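Tertiary structure, described
If you want the building blocks of each chain, they are given just below.
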Amino acid sequence: MLRLLTARLSTWYAGFGRLGHLLADIARGLKDLPTWPGLTAAQLRRIGVDSVPIALFIAAFTGIVLALQASYTFTGAVPLYFVGTLVGKIVMLELGPVLTGLALAGRVGANIAAELGTMRVTEQVDALETLAYDPVSYLVIPRVLAATVMFPVVVALAMAVGVASGFVTAVNLLDLSTVEFVRGLRLFYEFKDIWYGLVKATSFGLAISLIGCMKGLQVRRGAEEVGRATTQAVVVGAQMILVLDAFWAVVLL
Amino acid sequence: MIVFRDVHKAFGDKPVLQGFSLEIPDGATTVILGYSGGGKSVALKHIVGLLTPDAGHVEVDGHVVDALDRDGLTALRAHIGFVFQFAALLDSMTISDNVKLGLRRQALPDAEVTQRADDALALVGLGGTQHRFPGELSGGMRKRVGIARAIALRPKYILYDEPTTGLDPVTAAVMDQLMIRTREALGVTGVVVTHDMRSAYAVGDRIALLYRGAVRQVGTVDQIRQSHDAVVRQFIEGRPEAAADAERSVGSMPV
C-alpha cells in the first residue's frame, strides 16, 4: 500500500517536472517567430471553430434542463421569475464553462494527444527536428495558443446559447413571460459572472492543450502507447478542469 | 568528416552501443551493417543530435554534437539530410509541402523553394506527384520522397536509415541506384544503415560491421567480402551453421 502510494506520488512529481520542462521549452520557443504564428491560424479553426457545434449542443440542452428543474424546485415557494436568475447564474458561473471544458477535454485533449503520439511513433517529430524545426515551436505552441484563445470564445457562445435555450423553454413551457424571465436574469447579475466564467475557460484551454501535448510527445513506440496517452490526456484533463474550477471559486468568489 | 569516439548508449538496462568508434570520411558512402536491433539506427541518430551518448561523443566537421546548443544543432542539421526508415513524411501535407519543409526553414525565396523541391522530386523520379498526399503513395515512393526531402536541402551529408527494408527486390535496386546517383550528382557523403548485404555491396565504398555495440570490422567492400573474421562471415553469408562458429569465437550470440 505504501509502495503504491509512493509510486503514485513519484508519478505525479515526475509529471509536474515534465510540465515544467514543457513550459520552459514553450517560453524559449515563443522566440521562434518564423515558425509558430503561421501555424496557429489552422489550429484556431481546428480547436476552436470546429468545437463550436458540440459546445452549443451541450449548452442548449443544459439551458432547457436547468429551466425545467428550477421551475420544479421553485413551485409554490419561490417566485417563478427566479428561473431566469438560476439559469443565468448557473450557466455563466458553472455549467457553461465546466461542461464545455469537459466535452473539449475529450474532443481537443484526445485529438492533440493522439495526433502528436502518432507523429512521435512514425518519426514525424524526429523528421521535424532533422529539418531544423523545434517541435515545440512547430507543434505545441500553435495548439496551446489556439486552445487558450478559443476556449473562452467557445464558452462565451455556449453561455449565450444556454441562457437563450433556458429563456425559450421558460417562455414556452413554464408560463413565464419574457419580461419576468429577463427580470429574474438581471436580478443578481454582475459583469463578474461573465468574466469569471471566461477566466475559467481560458485556464481550461491552457490546461487541456498542455496535457494533450505532453502526453502525446511522451509516446515512444506503438499504437498501444498512443491509446494510453490519449486516454490519459482525457482523464487528467478532466481532473484538471475540476481542480481549476475549485481553485477559481476559492480565489475569485 | 563524421567521427564516433567510444560512444556508449543504453536504454534502461539494455546497452546498445558499447564503445562504438568509427570515422566516416567525406565524399564516400559508408555502410553500417548489423543485426536488427543492434544499434545501427541509434548510432545514426547520434549524428544529428536526436540522441545523445551516455559516454563518448560524436563529432561532425569538428563540432561535438552533444555539446551544441539548440542554435548550434539547427545550424548543423541544415547540412545533414536524414532519410528515415519509413520516410516519416508529415501525412497532413502534400508531397510538395513535405519536400519544401526544410527549405522554408532556410528562409529562401518562394520561387527558389518551389524550383528546388521540383528538381529534387524529378531527381528521384517523382515529378508530377507534388499535389498528392503521402497516404496515396506506395512505401517505395514514400522513401523516394524522403530522399527528395533530404537532397532538396543540398546537404553535405545524407544519412539513410534502412533505405531498402520492406521493399521488393526491384524497388530495393531502384533505391540503391538512387543513392548512387545522388552521391554522383551532388557529391554528398552518405551514411547508410542496413542489414541488406546486396544493398551494402551496391552502394558502399566502405562497410563497417556493428556487433555487440562496437565496430567489429571496417574496410572496403572487397576487404569485407574476403574477411576471415567468423562474425563477419556469419553475417555476410547468412549461414546458420556459421552462427555456432561465431558463438564459439566470441562467447555468446549476437544481441
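Quick note: structure is the one above.
A brief report on the enclosed structure follows. (Residues numbered from 1 in each chain as written. Chains lettered and ligands numbered in written order. Predicted model: local features only at pLDDT ≥ 70, side-chain atom pairs only at ≥ 80, totals over all residues.)

1. Quick look at the overall build of chain B
On a plain count of helices and strands, chain B comes out with 10 helices and 10 strands. Radius of gyration (C-alpha) of chain B: 18 Å, near the 18 Å computed for a compact globule of 255 residues. Out of the 255 residues belonging to chain B, those deemed buried represent 44%. For chain B, restricting intrachain contacts to residue pairs at least 6 apart in sequence, the fraction spanning at least 24 positions comes to 63%. (Helix = DSSP H or I, 4+ residues; strand = E, 2+ residues; numbered from the N terminus. Rg over C-alpha atoms; globule rule 2.2 N^0.38 Å. Buried ≥ 20, exposed ≤ 12 C-beta atoms within 10 Å, placed from the backbone. Contact = placed C-beta atoms within 7 Å.)

2. Describing the overall build of chain A
Within chain A one finds nine helices and zero strands. Helices and strands appear in chain A in the N-to-C order α-α-α-α-α-α-α-α-α. In chain A, of all internal contacts separated by at least 6 residues, the share reaching a separation of at least 24 is 88%.

3. A short note on the nonpolar core
One finds Val-83 of chain A together with Leu-33, Ile-47, Ala-148, Leu-159 and Val-191 of chain B to be the most contacted residues of the largest nonpolar core, which totals 142 residues. Considering each element in turn, this core owes the most residues, 19 residues, to helix H6 (residues 135-173) of chain A. Setting aside residues no more than four positions away along its own chain, Leu-33 of chain B makes contact with Thr-194, His-195, Ala-200, Ile-207, Ala-208, Leu-209, Leu-210 and Phe-235 of chain B. (Core = buried A, V, L, I, M, F, W, Y, C linked by C-beta atoms within 7 Å.)

4. What to know about the sheet that holds strand S8 (residues 189-194) of chain B
Residues and elements named next belong to chain B. Pairing within the open sheet is mixed, and its six strands lie in the order S6-S7-S8-S3-S9-S10. Single-partner strands in this sheet number two, and they are strand S6 (80-83) and strand S10 (214-220). On average, each strand axis in the sheet is tilted by 15 degrees relative to the strand beside it, whichever way the strands run. Examined bridge by bridge, strand S7 (residues 157-161) and S8 share five bridges and lie parallel to one another. Along S8, the bridge assignment pairs Ile-158 with Gly-190. The strands touched by helix H6 (residues 169-186) within the sheet are strand S3 (29-34), S7 and S8, with S8 carrying the most contacts at an inclination of about 160 degrees. (Pairing = 2+ DSSP bridges. Axes fitted to C-alpha atoms, helices over the stretch in contact; angles between N-to-C directions.)

5. A few points about the packing of helix H2 (residues 36-48) of chain A against H6 of chain A
Residues and elements named next belong to chain A. At a minimum axis distance of 8 Å, the contact between H2 and H6 shows a crossing angle of 45 degrees. By the angle between their axes, H2 is oblique relative to H6. Where H2 crosses over H6, the two elements pack in a sense that is right-handed. Contacts between H2 and H6 involve Trp-36, Leu-39, Thr-40, Gln-43, Leu-44, Ile-47 and Gly-48 from the former and Ser-137, Tyr-138, Ile-141, Pro-142, Arg-143, Leu-145, Ala-146, Ala-147, Val-149, Met-150, Val-153 and Val-154 from the latter. (Parallel < 35°, antiparallel > 145°, perpendicular 65-115°, else oblique. Left-handed = near helix turned anticlockwise from the far one by under 90°.)

6. A closer look at the interface of chain A and chain B
On the side of chain B, 15 residues touch chain A, which itself brings 12 residues to the contact. Grouping the amino acids of the side of chain A that touches chain B by side-chain chemistry returns five nonpolar, three polar and four charged. (Nonpolar A, V, L, I, M, F, W, Y, C, P; charged D, E, K, R; others polar.)

7. Points about unusual backbone geometry
All names here are of chain B. Unlike most non-glycine residues, Ala-87 shows phi in positive territory, near 75 degrees. One can find Ala-87 in the loop between S6 and helix H3 (95-105). Of note, Glu-162 is a non-glycine position whose phi angle comes to about 45 degrees, a positive value. Within the element layout of this structure, Glu-162 appears in the loop between S7 and H6.

8. Notes on the environment of Thr-148 of chain A
Residues and elements named next belong to chain A. Mapped onto the elements of the fold, Thr-148 is located in helix H6. On a C-alpha basis, the gap between Thr-148 and Leu-44 in space is 9.6 Å, while along the polypeptide they are 104 residues apart. When sequence neighbours within four positions are dropped, the list of residues in contact with Thr-148 reads Thr-202, Gly-205, Leu-206 and Ser-209.

9. Description of the packing of helix H1 (residues 2-29) of chain A against helix H8 (residues 191-218) of chain A
Residues and elements named next belong to chain A. Look at H1 against H8: their axes get within 11 Å of each other, and the N-to-C directions meet at 105 degrees. It follows that H1 is roughly perpendicular to H8 by the angle criterion. Taking contact as the criterion, the partners of Arg-18, Leu-19 and Leu-22 in H1 are, on H8, Leu-210, Cys-213 and Met-214. Split by residue class, the contact of H1 with H8 holds five nonpolar, no polar and one charged.

10. Focus: the sheet that holds strand S5 (residues 63-64) of chain B
All names here are of chain B. One open sheet holds the four strands; their spatial order is S2-S1-S4-S5, and the pairing between them is antiparallel. The open sheet has two edge strands with one neighbour each: strand S2 (14-24) and S5. When strand S4 (residues 55-60) meets S5, the two strands line up antiparallel, connected through two bridges. The partner of Val-60 across the bridge, within S5, is His-63.

11. So, the pairing of S2 of chain B
All names here are of chain B. Direction of pairing for strand S1 (residues 2-11) relative to S2: antiparallel, over a ladder of eight bridges. Along S2, the bridge assignment pairs Phe-11 with Lys-14. Taking the residues that link successive antiparallel strands as the turn, the S1-S2 hairpin has two residues, and the phi of Gly-12 there is positive, at about 65 degrees.

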